[in-house]
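The residues making up each chain are set out below.
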Amino acid sequence: MSELLNVPTMADFMAQGKQPEVLFWVGCAGSFDDRAKKITKAFVKLLNKAKVDFAVLGTEESCTGDPAKRAGNEFLFQMQAVTNIEVMNAYEVKKIVTACPHCFNTIKNEYPELGGNYEVMHHTQFLKDLLDEGRLSIEGGQFKGKRITFHDPCYLGRANNVYEAPRDLIQKLEAELIEMKNCKKNGLCCGAGGAQMFKDAEKGDKEVNVERTEQALDMKPEIIAAGCPFCNTMMTDGVKAKEREDDVKVMDIAELIANAQDL
Amino acid sequence: MDYLPNILFALALFIGIGYFAKNVKKLRRNIGLGQDLDISDNKPERWKNMARIALGQSKMVRRPVAGLLHVIVYVGFIVINIEVLEIIIDGLLGTHRIFSSIGSLYGVLIGTFEILAVLVFVAVIVFWIRRNIIKLKRFWNSEMTSWPKNDANYILYFEMVLMTLFLVMNATDIHFQEMHSGNVISQFIAPWFSHFSEGTVHLIERSAWWLHILGILIFLNYLYFSKHLHILLAFPNTFYASLKPKGEFNNLEAVTKEVKMMMDPNVDPFAAPAENAEVPAKFGASDVQDLNWLQLLNAYTCTECGRCTSECPANQTGKKLSPRKIMMDTRDRLEEVGKNIDANKGTFVDDGKQLLDDYITREELWACTSCNACVEACPVSINPLSIILDMRRYLVMEQSAAPTELNNMMTNIENNGAPWPYNQMDRLNWKNE
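Just so it is clear, the structure is predicted and the values come from calculations on it, not from any experiment. (Residues numbered from 1 in each chain as written. Chains lettered and ligands numbered in written order. Predicted model: local features only at pLDDT ≥ 70, side-chain atom pairs only at ≥ 80, totals over all residues.)

Our next topic: the overall build of chain A. The secondary structure content of chain A amounts to eleven helices and eight strands. Taking the principal axes of its C-alpha atoms as reference, chain A extends roughly 50 × 45 × 30 Å. In chain A, buried positions account for 57% of the 263 residues. Restricting the contact set of chain A to residue pairs at least 6 apart, pairs at least 24 apart contribute 79%. (Helix = DSSP H or I, 4+ residues; strand = E, 2+ residues; numbered from the N terminus. Buried ≥ 20, exposed ≤ 12 C-beta atoms within 10 Å, placed from the backbone. Contact = placed C-beta atoms within 7 Å.)

As structure tokens, then:
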């Protein structure tokens, strides 16, 4: 399967004197985390299928600095930001798509002041555009009528008011979209944000991801849909903690669409 | 001697408003202790936000029960205060119900006030029951003991008494009752006093009138010491609140300067600083003076409703962090600093305390997921997250006091451009796996 993936780099494009339509910012999770790599590949398959002229930075990509900034290390954040901006500006990047809401938020909102001005999209927004433009189509297929609940990533939803693109995509799968008690503006965090992903939680009586997973399981879903690699990890762990991994799957929206396409 | 009531009234008004003005000055001084922040952009949008969120209560009604009750008290408060204008004129001039000469409209006005007074009274009773009988969880968190708990109840008692006095004042006003216009509620209370002599009824009316206006002046002065300041500060607070996407955290300018210097190959790293160089800014915040004035205004605006804390994922899962406590601690420390300045002839003398550790613990700060639920929940656009972030910045950049795991994460980013120990050269390996 992997030989089918066509993943050119910005350097490849430059060597040919061309510009891609969009830069796919893979992010650290998408590059290194085993679960997130599957999301990356699913998204690339969709890009290939829709014949999108995209490129990645590959080894020239580096952490956006989001976890450092939220942890309080503004120095490290700005060092990362300035370095990344230098690379992207050298390639004259105009448009970026990413499957990570943290990268999305940081590049979109915090890079402009430091000299990085790009049009930034979350992959669910980008996929929705591809569908609307007719470059990609979904045949209901295997998700028709399935109960799917969407967990809003904080950095996509509350932080940037993107609530509809992921939901529109789920509905295009002809699945039954069910909303949790806390959704959209009131969505409950998965527990990973603000650099919590990289440390143990403070003392309490419960893990945040378990609380959120319980809210999701209350809806009796067959699939918990996510739009963030960190949320995905947290919800997957939550489902395991509740011993429900046999009947409830945690999947990224890109995976749902790629699977519907049988890619 | 005929002018004695007028003189007493003028004196009460002078003292009541004068003392309040003095405390407003102190309030402004304390908020001014914060760092500069230029918020002069987008005025039209800011006015719109203030009209929608503060005046229009748009975020209050997201919780329908509390929201509706609050709208009643709020509308009642504003509308009934038109009556205060008449009371002040009457008090100063020695007239009685000077507006009654406007005719039937007067009846309509007072009738509206009376209905609102009853509605406010009922709403306040429900508020009291929610706090003290039903004991809603958000009113019983650990920071809601002693003064904060009593403060909330005192405000409710105040409002009950003021509304009662207003209705009694109307019910015992024989002249007003004889007008048979506007006494929609008080006509049913008037009979309770019918067995008293006319002189006694008049005495009750005068007492209620005086207690009502004195009560209002006392309440006005209570504001500064209470969480109830929100009735005034909600307006500037919603006006100055951030218009940016919630996910956007500010980039520290002082850091940008240093980063630019580090990246500039032409800068001599060993150059001595210029003679008139500013003292390098402190990174982040360890005390209230390190926060900006908007964050301090936020702290005075907080009315401790606890919607932030009830939405906080950390608090919901039993962690110590409570965004409301962050705001309360900031205000308490700011008040302490203000008193210190007052006691030391206008300069702050180090008292060996600070906001960090003495008020807000590290455990609270590190429990935050930066999810913005608290910011979204606040009905008056307070941002507890910005204070948490500034205090983390101090811990990390001034003290190198991040939790070990976070230090590992940051070292990884520094060395190999990812929060995990993977080689940057392996970033595209997924393609072939």
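What follows covers the domain arrangement of chain A. Residue and element names in this part refer to chain A. Domains assigned within chain A are domain 1 (2–129) and domain 2 (137–260). Contacts between the two partners involve 26 residues from domain 1, matched on the other side by 26 residues from domain 2. Counting residues per element, the ones that place at least two in the side of domain 1 that touches domain 2 are α2 (27–32), α3 (34–49), α4 (66–71), α6 (101–110) and α7 (123–132). No other element matches the eight residues that α3 contributes to the side of domain 1 that touches domain 2. Taken together, the residues of the side of domain 1 that touches domain 2 break down into 13 nonpolar, seven polar and six charged. (Domains from an automatic or database assignment. Nonpolar A, V, L, I, M, F, W, Y, C, P; charged D, E, K, R; others polar.)

Before going further, it helps to examine the domain arrangement of chain B. Residues and elements named next belong to chain B. Examined at the domain level, chain B breaks down into domain 1 (4–31 + 63–231) and domain 2 (253–260 + 281–414). Between the C-alpha centres of domain 1 and domain 2 there is a distance of 37 Å. Across the boundary between the two partners, domain 1 contributes 14 residues, which contact 18 residues of domain 2. Take the side of domain 1 that touches domain 2: its biggest share by element is four residues, from helix α1 (residues 4–31). Residue composition of the side of domain 1 that touches domain 2, by class: five nonpolar, four polar and five charged.

Once that is clear, we can look at the sheet that holds strand β5 (residues 147–150) of chain A. Residue and element names in this part refer to chain A. What the four strands build is an open sheet, ordered β6-β5-β7-β8; its pairing is parallel. The open sheet has two edge strands with one neighbour each: β6 (176–178) and β8 (249–252). Between one strand axis and the next, the sheet turns through 35 degrees on average, direction left out of account. Two strands pair when backbone bridges link them, and β5 and β6 are joined in this way by three bridges, in the parallel orientation. When the sheet's bridge partners are listed, Ile148 is paired in β6 with Leu177. Taken strand by strand, helix α11 (residues 253–260) contacts β7 (223–226) and β8, and its axis lies near 90 degrees from that of β8. (Pairing = 2+ DSSP bridges. Axes fitted to C-alpha atoms, helices over the stretch in contact; angles between N-to-C directions.)

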